[in-house]
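Structural features, examined
So you can see what is in the structure, the chains are spelled out below.
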Amino acid sequence: MANYFSLFLVILTVGSGLIWLIDSLVFAPKRRERQAVIESSTGATSALNNEVKLPYIVDTAQQIFPVIAFVLVLRSFLYEPFQIPSGSMMPTLLVGDFILVEKYAYGLKDPVFRKKFVDTGAPERGDVVVFKYPEEPSIDYIKRVVGLPGDIIEYRNKALYIKPACDDGSDCEAIKPVKLTFQENETFKQNGSALERFSEQLGEVEHEILRNPAVPPIERLNLALLPKEFRYYTQPGTRINEWIVPEGQYFVLGDNRDNSRDSRYWGFVEDQHLVGQAVAIWISFEFERDPSSWLPNWVPTGIRFNRVGGIQ
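Here the residue numbers are simple positions, counted from 1 along each chain's written sequence. It should be noted that, the model being predicted, local features are given only for residues of pLDDT at least 70 and side-chain atom pairs only at 80 or more, the latter also being counted only at that level, while totals for whole chains, interfaces and linings use all residues. Side-chain figures throughout are based on the complete set of non-hydrogen atoms in the structure, without hydrogens or water.

1. Quick notes on the packing of aromatic side chains
Using the following cut-off: A pair of aromatic rings is counted whenever rings of Phe, Tyr or Trp (Trp by its six-membered ring) have centres within 6.5 Å, and the orientation is called stacked for planes under 30 degrees apart, edge-to-face for over 60 and tilted otherwise. Under the scheme used here, helices are H or I runs from DSSP no shorter than 4 residues and strands are E runs no shorter than 2 residues, and both carry numbers assigned from the N terminus. Only protein chains enter the accessibility calculation, which uses a 1.4 Å probe; a residue whose area is less than 20% of its type maximum is buried, one above 50% is exposed, and one in between is partly exposed.
A full pass over the atoms with the stated rule returns 15 aromatic pairs. Measuring from centroid to centroid gives 5.9 Å for F131 and W266, while their planes differ by 50°, and the two rings are tilted. Separated by 135 residues along the polypeptide, F131 in strand β5 (residues 128-132) and W266 in helix α4 (residues 263-266) bring together distant segments of the chain. Exposure remark for F131: the relative accessible area of 0% places this residue in the buried category. On the basis of an interplanar angle of 75° and a centroid distance of 5.3 Å, the ring pair of Y232 and Y265 is categorised as edge-to-face. Of the two residues, Y232 sits in the loop between β12 (205-211) and β13 (242-244) while Y265 sits in helix α4, which places them 33 residues apart along the sequence. For Y232, a relative accessible area of 12% translates into the label buried.

So, in structure tokens, the structure goes:
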């Protein structure tokens, strides 16, 4: 849907701009000549509005082009709003959060073919990023970057282990667990089970994650009985819960670790699929309504003003 809207904006901007340009170069001079003839023959300008009238389509194009062009530039290269549709990033992001994504954080891309023409940076460990879902690029996903190119990532017994990339093998760090600090049993529930909240340290970023104690680690499950969609993505020569991040790609996880379909299941995010960095919540709506209510589910029941602000 986002791609279709971008294409619509481009077509509307180019179309209205061309109408304005062609009129300015071809038809406007003829209207001015006709106006001059009328003024010289009548000596009055009262009839000009009827005799030399700006065509409706040109008038419309002149009015909408500056607005549409501004929206196109803002949305394509600066900031774009997104709505959080699921709980995979709880507690960082909740359903009903409306966020701003910084489009220029990882490079400027054209809004149609999404080819990068200016490189402005790369994701850092801990960034919350929006990207095109690799298995269906028309869908936007949001997750947290945990693995950078060259990293070795392991996820065992529900703990995240990282071995950072290095050029010289003698100076490489050993793989080690990411620091976790238990916070409390959360009010968030999943399938009737209270979720556990932890503080996690990824590089310079400290954030919170959720884990469901009722969901066992994948190591304890019989993989032969698991449906394909619940099995981890595997690379040749690695274990089922180990991944080596390729060059130019990233490994991402949801903060709600037992309720997130992420790199563990479908692999890596290529640089070309990155949309931008999620930087702020600009508004947050509640949708907690009694099932007997006559109002549709999409009508908000309240505004969570305490959630407005930067994303950690």
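On we go.
2. A word on the layout of surface pockets
Stated precisely, the cut-off is as follows: Computed over the protein atoms alone on a 1 Å grid, cavities are sets of points where a 1.4 Å probe fits but cannot get out and pockets are open sets with protein on both sides within 12 Å along at least five of seven lines; a residue lines them when it has an atom within 4 Å of a point. Grid points are joined across faces, edges and corners, and a volume is the space filled by probe spheres set on the points. Gly counts as polar in this scheme, as do all residues outside two lists: the nonpolar Ala, Val, Leu, Ile, Met, Phe, Trp, Tyr, Cys and Pro, and the charged Asp, Glu, Lys and Arg.
For the largest pocket, the calculated volume is near 400 Å³. What lines the largest pocket is a set of 22 residues, and nearest its centre among them are V215, L221, F230, D258 and Y265. Secondary-structure elements contributing two or more residues to the lining of the largest pocket are β7 (152-156) and α4. Per-class residue counts for the lining of the largest pocket are 11 nonpolar, 3 polar and 8 charged. Approximately 330 Å³ is the volume attributed to the second largest pocket. Lining the second largest pocket are G87, M90, L94, V95, F188, K189, N259, E286, F287, E288 and R304.

3. Some thoughts on the pairing of β5
Our working definition: Strands are treated as partners if at least two bridges between them are detected by DSSP.
Across the 5 residues that make up β5, a large majority, 5, are buried. Of the two faces of β5, the one carrying V128, V130 and K132 and the one carrying V129 and F131 are both buried. Alignment of β5 against strand β6 (residues 140-147), held across 5 bridges, turns out to be antiparallel. For K132, the partnering residue across the bridge sits in β6 and is D140.

4. Some thoughts on the confidence of the model for the protein
For clarity, the threshold we go by: Note: pLDDT gives the predictor's confidence per residue, expressed from 0 to 100.
Predicted confidence across the protein gives a mean pLDDT of 87, with 93% of residues reaching 70 or more. Helix α2 (residues 48-51) is the least confidently modelled element of the protein, averaging 48 in pLDDT, while strand β14 (residues 249-253) averages 98, the highest of any element.

5. Overview of helix α3 (residues 56-78)
Basically, it comes down to this: Residue count minus one, scaled by 1.5 Å, sets the expected span of a helix. Throughout, bend refers to the angle between the axes fitted to the seven residues that end at a position and the seven residues that start at it.
Between its terminal C-alpha atoms α3 stretches 32 Å, which fits the 33 Å expected from 23 residues at 1.5 Å a residue. Most pronounced at I64, the bend in α3 amounts to some 35°, and the proline P66 follows within four residues. Of the residues making up α3, those classed as buried are V58, A61, I68, A69, L72, R75 and S76.

6. A look at the pattern of salt bridges
Test applied: Any carboxyl oxygen of Asp or Glu that lies within 4 Å of a side-chain nitrogen of Lys or Arg is treated as forming a salt bridge with it.
In total, this model carries 17 salt bridges according to the counting rule given. Between E80 and K103 there is a salt bridge, and its shortest N-O distance comes to 2.8 Å. Of this pair, E80 sits in strand β1 (residues 79-83) while K103 sits in the loop between β2 (97-102) and β3 (108-109), placing them 23 residues apart in sequence. Of the two residues, E80 and K103, neither departs from the other in class, the shared state being buried. Here the salt bridges do not stand alone but share partners, grouping E154, R156, R239 and E242 into one network.

7. Topic: the sheet that holds β13
If you trace the 4 strands from one edge of the open sheet to the other, you get β9-β8-β7-β13, paired in antiparallel fashion. Here the strands that pair on one side only, and so sit at the sheet edges, are β9 (176-177) and β13. Note that β7 and β13 share 3 bridges and pair antiparallel. Pairing of E154 across the sheet is with E242, part of β13.

8. Quick look at a nonpolar patch on the surface
We apply this condition: Two distance rules govern patches: like charges are joined within 9 Å, and nonpolar side chains (Val, Leu, Ile, Met, Phe, Trp, Tyr) within 5 Å, applied only to residues with over 30% relative accessible area and no salt bridge. Here the accessible surface of atoms and residues is derived via Shrake-Rupley with a 1.4 Å probe, and residues count as covered only by protein chains that are part of the display.
A cluster of nonpolar side chains, contributed by V14, L18, L21, I22, L25, V26 and F27, occupies part of the molecular surface with about 640 Å² of accessible area. Structurally, V14 can be placed in helix α1 (residues 2-42). Looking at V14, the relative accessible area reads 44%, which means it is partly exposed.

9. Quick look at the nonpolar core
We apply this condition: Buried Ala, Val, Leu, Ile, Met, Phe, Trp, Tyr and Cys residues that are joined via side-chain atoms within 4.5 Å together make up what is termed a nonpolar core.
Judged by nonpolar contacts, the single largest core of 15 residues is most densely connected at V146, I153, L160, I162, L202, W243 and F251. Core analysis: the second largest hydrophobic core is formed by 13 residues, I84, M89, V101 and V128 among them.

10. Notes on the side chain of D151
Condition: In protein, a polar contact means a hydrogen-donor-capable atom and an acceptor-capable atom, both N or O and within 3.5 Å, with residues adjacent in sequence counting only if both atoms are side-chain atoms; elsewhere, any N or O pair within 3.5 Å suffices. Two residues form a contact once any of their heavy atoms are found within 4.5 Å.
Tracing the chain through its elements places D151 in the loop between β6 and β7. Here D151 falls in the buried class, since its relative accessible area comes to 2%. At 2.8 Å, the side chain of D151 and the backbone nitrogen of L148 are in polar contact. Each residue touching D151, except ones within four places of it in the same chain, is listed here: R125, V146, I162, K163, P164, A165, W243, I244 and V245.

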